Amino acid sequence: MANKLKTFIKHLWMDASDARRAIPPDMLQRVTQRVAASERRHSGEIRICVEASLPASYLWRLSRQQPISALTRQRALSLFGKLRVWDTEHNNGVLIYVLLAEHAIEIVADRGVARHVSPAQWQAMVARMASAFREKHYEDGLTQALEETSAILMTHFAVDATQNGSPGQPNELPDTPLLQ
């Protein structure tokens, strides 16, 4: 019970300003530019969401014996839908979700991408990101995950160089990471 109370208080204590401190405006701009550059090389869509803490509606589920890791995954899946990452033309959207309060990372890939990438590959990527994050190197971790995700998308969803940046290749989702 004490651990649940600590978790609950930690999440109530943190807010969007903590996410903005972890990802300051200059870093946000660089990551946004990297997402845009990546998406010019493939038809996939990459969305990054850095959330300081879980909403209270998720925290109440702690009392129902749900582990925080399950709640984190549920939140990532929920945002995958709310942010419309699932709604890309080729079903090749990827959400990189970071929950600062728990130092948790989830990657959710739409079915077009998921059929080409094993869960073990995603977990290895998450582990590398987590290693950078433990050292407070958020930009390095996000950049590495973005580069690895881009490589996967370029392998399976490359864009013809003659169409690069053309109107035939719409940008379906915002490139700027969501901080909340």
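Analysis parameters
- Residues numbered from 1 in each chain as written.
- Predicted model: local features only at pLDDT ≥ 70, side-chain atom pairs only at ≥ 80, totals over all residues.
- Heavy atoms only, no water.
- Helix = DSSP H or I, 4+ residues; strand = E, 2+ residues; numbered from the N terminus.
- Rg over C-alpha atoms; globule rule 2.2 N^0.38 Å.
- Buried < 20%, exposed > 50% of the residue type's maximum accessible area, 1.4 Å probe, protein only.
- Contact = heavy atoms within 4.5 Å.
- Lys, Arg positive; Asp, Glu negative; His and termini not counted.
- Charge placed at Lys NZ, Arg CZ, Asp CG, Glu CD.
- Core = buried A, V, L, I, M, F, W, Y, C linked by side-chain atoms within 4.5 Å.
- Axes fitted to C-alpha atoms, helices over the stretch in contact; angles between N-to-C directions.
- Parallel < 35°, antiparallel > 145°, perpendicular 65-115°, else oblique.

**Digging into the overall build of the chain**
Working step 1: Broken down by element type, the chain carries 8 helices and 4 strands.
Working step 2: Each helix (α) and strand (β) of the chain, taken in turn from the N terminus, gives the series α-α-α-β-α-α-β-β-α-α-α-β.
Working step 3: Taken against the 2.2 N^0.38 rule, which gives 16 Å for 180 residues, the C-alpha radius of gyration of the chain at 17 Å falls within 12% of a compact globule.
Working step 4: Along the three orthogonal principal directions, the C-alpha set of the chain runs to about 60 × 35 × 25 Å.
Working step 5: By residue count, 48% of the 180 residues in the chain fall in the buried class.
Working step 6: Residue pairs in contact within the chain that sit at least 24 positions apart in sequence constitute 72% of those at least 6 positions apart.
Working step 7: A gap of 8 Å separates the mean positions of the 21 positive and 19 negative side-chain charges of the chain.

**A look at the nonpolar core**
Working step 1: Counting residues in hydrophobic clusters, the biggest one holds 36 residues, and the most contacted among them are Ile23, Ile48, Val50, Leu100, Val113, Trp122 and Met129.
Working step 2: Looking at this core, the elements that each hand over two or more residues are α2 (16–22), α3 (25–39), β1 (45–51), β2 (93–99), β3 (104–109), α7 (119–134) and α8 (138–157).
Working step 3: Per-element tally for this core: the top contributor is α8, with 7 residues.
Working step 4: Ignoring sequence-local partners within four residues, the contact set of isoleucine 48 consists of Val31, Val35, Ile96, Leu142, Pro177 and Leu178.
Working step 5: Among the nonpolar cores identified, the runner-up in size contains 18 residues, and Leu54, Tyr58, Leu62 and Val108 belong to it.

**What about the packing of α3 against α8?**
Working step 1: The contact between α3 and α8 brings their axes to 10 Å, and the two run at 5°. In terms of orientation, α3 and α8 fall into the roughly parallel class. Contacts between α3 and α8 pair Met27, Arg30, Val31, Arg34, Val35 and Ser38 from the former with Tyr138, Glu139, Thr143, Leu146 and Ser150 from the latter.

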